[in-house]
Amino acid sequence: MKFLIQLLLVINVTTSLIKANPGYDCQYCQPEQVHIAFGTKPNDIIVTWTTFNNTHESRVQYGLGEMNLEAVGTRHRFTDGGQLHRHMWIHRVTLQDLKFDTKYEYHAGSVYGWSELFSFKTPPEGDKWVLRAAIYGDMGNKNAHSLSYLQDEAQRGHFDVILHVGDFAYDMDTDNALVGDEFMRQIQPLAASVPYMTCPGNHEAAYNFSNYRNRFSMPNHERWESMFYSFDLGPVHFVSISTEYYYFLEFGLKMLSEQFEWLQRDLSEANKPENRSLRPWVIAMGHRPMYCSSPRRACDNSVPQRKGIPFFGFGANDPGSYYTATGPWFAAILRTIAGTTSCPIASACRL
């Protein structure tokens, strides 16, 4: 009996060691390029990171002051379209139903290695609070003058959300996607702490936007691959679209059509009185502007993101007006929201 008990103890200890040390070569399993985004609800957070070997598990440990909670997710192998066909593993874990207005600590990884410790703060519940957002586009990993300021402000808790409106790294596919790797490392100090919400730009087009589609995890990513989506945050309904569908038709019309139909449904739902009373602001973002004051060809009345492609059945009935200043346009929006012909913010209407 004594021998049997000792044997069972040895088997139990050995099994525990096997679980702790799977015993295969994993030289590149250290997590990097960690970033977060909102999920389908404002108190869901999607954590995304990269390893260069398959860790066979994707885990996030998190909690309030101590990491006593754990969530598991998925991973997939992404192969870049460059000459070397470099591959990496992209991991995604969703932290669901978090407490509102609460600071969480977390790290991401597997039995082979964990990221450094990060933290984020969930937004307040409801719509009666002032939302603070950093909004920019066209930021590379060279000559990124604003990056240090963004990192500093994010770590001081001055942003509730970051909106990067297209064009990353210049370009993420450059040098067999090594530039993309370096860019994702550079934004980690802010993107691992503040939800980093994105939309594609023209510089992401290589290999049918594959670096963008694989590296980022926006709401409903499993369906639309972060190319278009919407989310609610405080008093705002955010809508992100791909203006690039209208310019890179060589990748097909299917997604352009699906985006158009989805956008109609999304805006119809957002504009219902019961939803507009909660979120009076509807903010859309896309890389290329609908209107601008430049005399270049890219700003004339025929731009596809404004006119659509009516021949194929999806487009806008545009009167052909040409707005050359943001001041009157902004003032008109303020009047519309306020439901009055007088301007609710006098200084804005004098622009």
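Residues numbered from 1 in each chain as written. Predicted model: local features only at pLDDT ≥ 70, side-chain atom pairs only at ≥ 80, totals over all residues. Heavy atoms only, no water.

The chain is annotated in an unreviewed UniProt entry as Purple acid phosphatase of Pieris macdunnoughi. Note on the chain: under the UniProt heading Sequence similarities (unreviewed entry), the record states "Belongs to the metallophosphoesterase superfamily. Purple acid phosphatase family." Taken directly from UniProt, the Catalytic activity (unreviewed entry) text for the chain runs: "a phosphate monoester + H2O = an alcohol + phosphate". (UniProt positions renumbered as here; feature names shortened; annotations may be inferred.)

Caption draft 1: Local environment of the pairing of strand β12 (residues 161–165). The element β12 is extensively covered by neighbouring structure, given that five of its five residues are classed as buried. Residue alternation in β12 divides its side chains into two sets, Val161, Leu163 and Val165 and Ile162 and His164, and both sets are buried. Across four bridges, the pairing between strand β10 (residues 133–136) and β12 is parallel. When the bridges of β12 are listed, Ile135 appears paired with Leu163. In this sheet, strand β14 (residues 196–199) lies alongside β12 in parallel orientation, the contact comprising four bridges. Following the sheet pairing, Val165 is matched in β14 by Cys199. (Buried < 20%, exposed > 50% of the residue type's maximum accessible area, 1.4 Å probe, protein only. Helix = DSSP H or I, 4+ residues; strand = E, 2+ residues; numbered from the N terminus. Pairing = 2+ DSSP bridges.)

Caption draft 2: Representation of the side chain of Asn176 within the structure. Topologically, Asn176 is positioned in the loop between β13 (168–169) and α3 (178–191). The contact partners of Asn176, leaving out residues within four places of it in the chain, are Asp80, Gly82, Gln83, Leu84, His85 and Arg86. (Contact = heavy atoms within 4.5 Å.)

Caption draft 3: Quick peek at the state of the cysteines. In the structure shown here, the tally under the stated rule is one disulfide. Two residues, Cys26 and Cys29, share a disulfide whose sulfurs are 1.5 Å apart. One exposure class covers both Cys26 and Cys29, and it is buried. (Disulfide = S-S within 2.5 Å.)

Caption draft 4: Quick look at the nonpolar core. Core analysis: the largest hydrophobic core is formed by 66 residues, its most contacted members being Val47, Tyr106 and Tyr196. For this core, the element with the highest residue contribution is α3, accounting for six residues. In this structure Val47 touches Val34, His35, Ile36, Val60, His91, Arg92, Val93, Leu95, Tyr106 and Ala108, once residues within four positions along its chain are discounted. (Core = buried A, V, L, I, M, F, W, Y, C linked by side-chain atoms within 4.5 Å.)

Caption draft 5: Spotlight on the sheet that holds strand β2 (residues 45–51). The strand order across the open sheet built from four strands is β1-β2-β6-β5, with neighbouring strands paired in antiparallel fashion. Strand pairing shows two members of the sheet lacking a second neighbour, β1 (32–38) and β5 (74–79), which therefore form its edges. For this sheet, the mean angle separating the axes of adjacent strands, direction not counted, is 20 degrees. Here β5 pairs with strand β6 (residues 87–95) via six bridges, running antiparallel. (Axes fitted to C-alpha atoms, helices over the stretch in contact; angles between N-to-C directions.)

Caption draft 6: Main features of the environment of Val282. Mapped onto the fold, Val282 is located in strand β17 (residues 281–285). Here the alpha-carbon distance between Val282 and Asn271, two residues 11 residues apart in the chain, equals 8.6 Å. Once residues lying within four places of it in the same chain are set aside, the contact partners of Val282 are His237, Val239, Leu267 and Arg276.

Caption draft 7: Region of the structure containing unusual backbone geometry. The linkage connecting Tyr170 with the following residue, Asp171, adopts the cis geometry, with an omega of -5 degrees. Looking at the secondary structure, you find Asp171 in the loop between β13 and α3. For Glu225, which is not a glycine, the phi torsion comes out positive at approximately 55 degrees. Secondary-structure assignment places Glu225 in the loop between α5 (221–224) and β15 (229–233).

Caption draft 8: Seen up close, the side chain of Arg86. Here Arg86 is to be found in the loop between β5 and β6. Since its relative accessible area comes to 17%, Arg86 is described here as buried. Within polar-contact distance, the side chain of Arg86 engages the backbone oxygen of Asn176 at 2.9 Å. Reaching out from Arg86, the side chain makes a polar contact with the side chain of Asp181 at a distance of 2.8 Å. The contacts of Arg86, once residues within four sequence positions are left out, are Phe52, Phe78, Thr79, Asp80, Asn176, Ala177, Leu178 and Asp181. (Polar contact = N/O pair within 3.5 Å; in protein donor to acceptor, adjacent residues only side chain to side chain.)

Caption draft 9: Representation of the confidence of the model for the chain. Of all residues in the chain, 76% attain a pLDDT of 70 or more, and the chain-wide mean is 84. Here residues 7–11 is a poorly scored stretch, pLDDT under 50, and it has zero contacts once near neighbours within four places are set aside; other chains count. In this model, residues 13–20 is a region of pLDDT below 50 whose contacts with residues beyond four sequence positions or in other chains number two contacts. (pLDDT = per-residue confidence, 0-100.)

Caption draft 10: Up close: the sheet that holds strand β16 (residues 236–240). The strand order β15-β16-β17 describes an open sheet built from three strands, whose pairing is mixed. Lying at the two open borders of the sheet, with one neighbouring strand each, are β15 and β17. Across this sheet, the average inter-strand angle for adjacent strands is 20 degrees, counted without regard to direction. Here helix α6 (residues 254–270) sits on the sheet and contacts β15, β16 and β17; the angle it forms with β16, its principal contact strand, is near 175 degrees.

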